[in-house]
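# Overview (structure and organization)
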Amino acid sequence: ERMLIGNLSLDTSEDELSKFFATVGNVSRVEILKDKNGRARGFAFVKMAKRDDTELAVEMMHNAEFKGRLLSVSPAETTQKKKSINLFGFLQLNH
């Protein structure tokens with residue numbers, strides 16, 4: 001399960017972010033989001049190898065300080081979840 005990481009310093013590298021989250025568990029992928037000119041946008045996706053590690057990372061790393069900023073860490077919405085919400089109206093979160 002992927003996490004959305006926000007409030008990143010614009011000079012953060014994928015390697016730095018991977019090492020930071022590796023303190024919680026095995027990181028399988030890091031992707032820093034960039035604009036069309038290749039500049040970092042201050043957001044990234046991090047995927048942990050195990051679901052338990054993802055849950056622990058959200059709990060431990062949300063509001064953690066990284067490079068002088070407090071991170072925003074939350075589970076990333078998946079396409080499957082969005083489809084589920086659309087198929088079953090009673091699960092909609094925006095009531």
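Since this is a predicted model, take the numbers as computed values, not measurements. (Residues numbered from 1 in each chain as written. Predicted model: local features only at pLDDT ≥ 70, side-chain atom pairs only at ≥ 80, totals over all residues. Heavy atoms only, no water.)

### Digging into the packing of aromatic side chains
Across all of its chains, the model carries 2 aromatic pairs by this definition. Consider the rings of Phe20 and Phe21, whose centres lie 5.8 Å apart with planes at 80°: the pair is edge-to-face. Note on Phe20 and Phe66: the rings are 4.6 Å apart at their centroids and 45° apart in plane angle, and the pair reads as tilted. With a gap of 46 residues between them, Phe20 in helix 1 (residues 14-21) and Phe66 in strand 4 (residues 65-66) connect regions that are remote in the sequence. Given a relative accessible area of 9%, Phe66 falls into the buried group. (Phe/Tyr/Trp six-rings, centres within 6.5 Å; stacked < 30°, edge-to-face > 60°. Helix = DSSP H or I, 4+ residues; strand = E, 2+ residues; numbered from the N terminus. Buried < 20%, exposed > 50% of the residue type's maximum accessible area, 1.4 Å probe, protein only.)

### What to know about the confidence of the model for the protein chain
Put simply, the protein chain has an average pLDDT of 87, and 81% of its residues get 70 or more. Mean pLDDT across the elements of the protein chain bottoms out in helix 3 (residues 79-87) (49) and peaks in helix 1 (98). Contacts from residues 81-86, a stretch scored under 50 in pLDDT, to residues over four places away or in other chains number 6 contacts. (pLDDT = per-residue confidence, 0-100. Contact = heavy atoms within 4.5 Å.)

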